[in-house]
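This is what each chain is made of:
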Amino acid sequence: MTGADAPATPQRSDLQGLFEAQAGRNDFLTGGKVEDVIGLCLSGGGYRAMLYHAGALVRLNEFGFLPRLREIASVSGGSITAGVLGTAWSRLNFDANGRAMNLDEQVIGPIARFATVGVDVKAILLGLLPSFTAAGEVAKAYDRHLFGGATLQDLPDKPRFTFMATNLQTGSGWRFAKDYAADHRVGRIDHPRLALSCVVAASSAFPPFLSPVRLNFESGSVKPMDGADLHKAPFTQQAVLTDGGVYDNLGLERIWRRCRTVLVSNAGATMPELGSPTGRWFGQVYRVLNIVQQQAENSRKRLLFGVHNLKQRHVAFWSIETPISAYGLEDAVSLPDDAALLAARLRTRLNPFSPSEIELLLKVGYAGADASLRAAGLVTKAPAANIDAANLAQYSGQKGGRNVSRAGNP
């Protein structure tokens with residue numbers, strides 16, 4: 001048999017095969033659509049993450065970065081912040097320097113007020129009743145206080161907002177955006193009209209109490225795509241989803257494959273050490289699951305910092321537990337190092353936060369974004385950070401109440 005007659009070597013579809021097939025791209029992450037644009041990742045972490053990211057948005061706005069963002073990807077608590085920003089985007093008034101003059105009114109204020117609203121306990125208790133689900137009650141709270149009936153189609157075209165959830169059926173991620181929603185193993189839905197409250201509820205469906213979210217799809221709405229080996233029932237009829245942080249708690253997947261400059265706001269804290277771990281089964285299972293989750297996140301961090309060192313990406317990464325002094329800036333925001341530790345120890349639940357907790361998280365997020373962007377050389381000429389002038393304390397006294405973000409709703 002001649003070389004011309006020899007059968008072609010079948011292409012492997014496993015992870016190793018997929019990487020080998022892209023070996024010629026000279027990109028460690030095999031990103032085939034990387035552009036010289038900026039992407040922002042908002043991590044998970046319940047209300048803690050929601051507030052921390054809101055503080056970071058204040059400083060990004062002062063830098064004039066918001067209109068420069070091409071992509072914003074989020075998971076869990078970060079998706080609450082992203083959802084509020086996305087629905088308010090068309091109402092933001094940007095000046096000549098790219099600063100939204102009404103960000104406080106349209107985004108930060110509503111987020112701070114929502115942080116005083118208890119959601120999780122009520123949702124869990126109602127979820128025990130027939131015809132109710134905890135996830136459904138969370139979605140109702142999001143819609144009532146934040147989104148006012150908005151769908152994915154009410155988001156802007158630019159920046160592109162992507163909300164991540166984890167598919168319990170396939171172990172992969174469902175990505176939801178205005179132009180399409182997709183699980184690479186199942187298929188894609190073009191121009192989905194899904195309620196934003198349901199999408200954010202899926203992204204923040206902390207297991208097992210607030211999970212799962214079940215999304216039913218119309219017949220034929222899920223289209224096939226390359227590599228979709230599960231494009232068949234029941235996967236194309238219903239998605240059974242849990243928290244996006246289970247799959248990728250940093251929200252990196254979309255951004256680092258598309259954007260040359262990657263900004264990461266991380267409200268996740270490192271798992272604490274235990275001198276005497278319990279020997280009881282339940283305690284061991286809980287501890288082991290935390291270790292698995294922590295190691296998965298550490299692996300993603302190593303990849304992220306590795307591609308930065310290879311100069312294949314330009315990364316600015318700020319983390320809730322990193323003291324501001326660690327960035328090595330002489331003119332960093334004046335914030336005690338123990339503020340980061342206190343913020344990182346706060347709970348990640350969807351229950352009311354006190355005025356002092358709200359103020360702390362906003363300030364730590366603000367200071368972290370400022371220090372990271374300047375340390376990474378992404379900002380050279382910009383207004384000096386002034387945490388007092390930002391007046392973040394004004395939000396700590398606000399109380400929860402209905403805030404409909406969608407224009408035109410009563």
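Look a little higher up for the structure.
Colleague: I would appreciate a short explanation of the environment of Thr242 in the present structure.
Modeller: Positionally, Thr242 belongs in strand β8 (residues 238-243). C-alpha of Thr242 to C-alpha of Gly173: the two residues are 69 residues apart in sequence and 9.6 Å apart in space. The residues touching Thr242, leaving out its near neighbours within four places in the chain, are Ala165, Thr166, Leu168, Ala202, Ala205, Pro207 and Ser211. Here Ser211 takes part through its side chain, which lies 2.9 Å from a polar atom of the side chain of Thr242.

Colleague: It is not clear to me how the packing of helix α3 (residues 77-88) against helix α6 (residues 134-147) should be interpreted in this structure. Could you clarify?
Modeller: What describes two packed helices is the angle between their axes and the distance between those same axes. Two elements in contact, α3 and α6, have axes separated by 11 Å at closest approach and are oriented at 40°. Taken together, α3 and α6 sit at an angle that is classed as oblique. Judged by the twist between their axes, the crossing of α3 over α6 is right-handed. Counted together, Ile80, Gly83, Val84 and Thr87 of α3 and Tyr142, Leu146 and Phe147 of α6 form the full contact between these two elements. In terms of residue class, the contact of α3 with α6 is made up of five nonpolar, two polar and no charged.

Colleague: Looking at this structure, I do not really get helix α4 (residues 103-114). What am I missing?
Modeller: An α-helical turn contains 3.6 residues, so a residue and the one three or four places further along point in the same direction. Counted at 1.5 Å a residue, the expected span for α4 with its twelve residues is 16 Å, and the 16 Å between its end C-alpha atoms agrees. Within α4, nine of the twelve residues are buried, leaving the element largely enclosed by the surrounding structure. Residues of α4 that are buried: Leu103, Gln106, Val107, Ile108, Gly109, Pro110, Ile111, Ala112 and Phe114. In this structure, the buried side of α4 is in contact with α2 (46-62), α3, α6 and α12 (355-375).

Colleague: Can you help me understand the packing of α3 against helix α7 (residues 196-203) in this one?
Modeller: α7 packs onto α3 with a crossing angle of 160° between their chain directions and a minimal axis gap of 9 Å. Judged by the angle between their axes, α3 and α7 are roughly antiparallel. Here the hand of the crossing between α3 and α7 comes out right-handed. From α3, Ser79, Ile80, Gly83 and Thr87 reach across to α7, where they touch Leu196, Val200 and Ser203. Across the contact of α3 with α7, the residue classes break down as three nonpolar, four polar and no charged.

Colleague: Explain unusual backbone geometry here, please?
Modeller: The general pattern is negative phi for most residues beyond glycine and trans for most peptide bonds. Cis geometry marks the peptide bond from Lys158 to Pro159; its omega dihedral reads 0°. As for its position among the elements, Pro159 is in the loop between α6 and β3 (160-167). In this model, Pro207 is joined to Pro208 through a cis peptide bond whose omega is -5°. Structurally, Pro208 can be placed in the loop between α7 and β7 (213-216). Phi is positive for Ser76, which is not a glycine, with a value near 50°. If you trace the backbone, Ser76 turns up in the loop between β2 (69-75) and α3. Taking relative accessible area as the criterion, Ser76 reaches 6% and is therefore assigned buried. Of note, the phi angle at His191 is positive, near 50°, even though the residue is not glycine. If you trace the backbone, His191 turns up in the loop between β6 (187-190) and α7. Taking relative accessible area as the criterion, His191 reaches 55% and is therefore assigned exposed.

Colleague: In this structure, what is going on with the pattern of salt bridges? I would like to understand it.
Modeller: Two side chains bearing opposite charge may form a pair once their charged atoms approach each other closely. By the definition in use, this model includes 19 salt bridges. Arg260 is the partner of Asp36 in a salt bridge, and the nearest nitrogen-oxygen pair spans 3.2 Å. Linking Asp36 in strand β1 (residues 35-42) with Arg260 in strand β9 (residues 259-266), this pair joins segments that are 224 residues apart in sequence. Here Glu357 makes a salt bridge to Arg347, at a shortest N to O gap of 3.0 Å. One end of the pair, Glu357, is in helix α12; the other, Arg347, is in the loop between α11 (337-344) and α12, with ten residues separating them in the sequence. The class for Arg347 is partly exposed, based on a relative accessible area of 26%.

Parameters at a glance
Residues numbered from 1 in each chain as written. Predicted model: local features only at pLDDT ≥ 70, side-chain atom pairs only at ≥ 80, totals over all residues. Heavy atoms only, no water. Helix = DSSP H or I, 4+ residues; strand = E, 2+ residues; numbered from the N terminus. Contact = heavy atoms within 4.5 Å. Polar contact = N/O pair within 3.5 Å; in protein donor to acceptor, adjacent residues only side chain to side chain. Axes fitted to C-alpha atoms, helices over the stretch in contact; angles between N-to-C directions. Parallel < 35°, antiparallel > 145°, perpendicular 65-115°, else oblique. Left-handed = near helix turned anticlockwise from the far one by under 90°. Nonpolar A, V, L, I, M, F, W, Y, C, P; charged D, E, K, R; others polar. Expected span 1.5 Å × (residues − 1). Buried < 20%, exposed > 50% of the residue type's maximum accessible area, 1.4 Å probe, protein only. Salt bridge = Lys/Arg side-chain N within 4 Å of Asp/Glu carboxyl O.

All quantities given are derived from atomic positions and should not be read as evidence of function.
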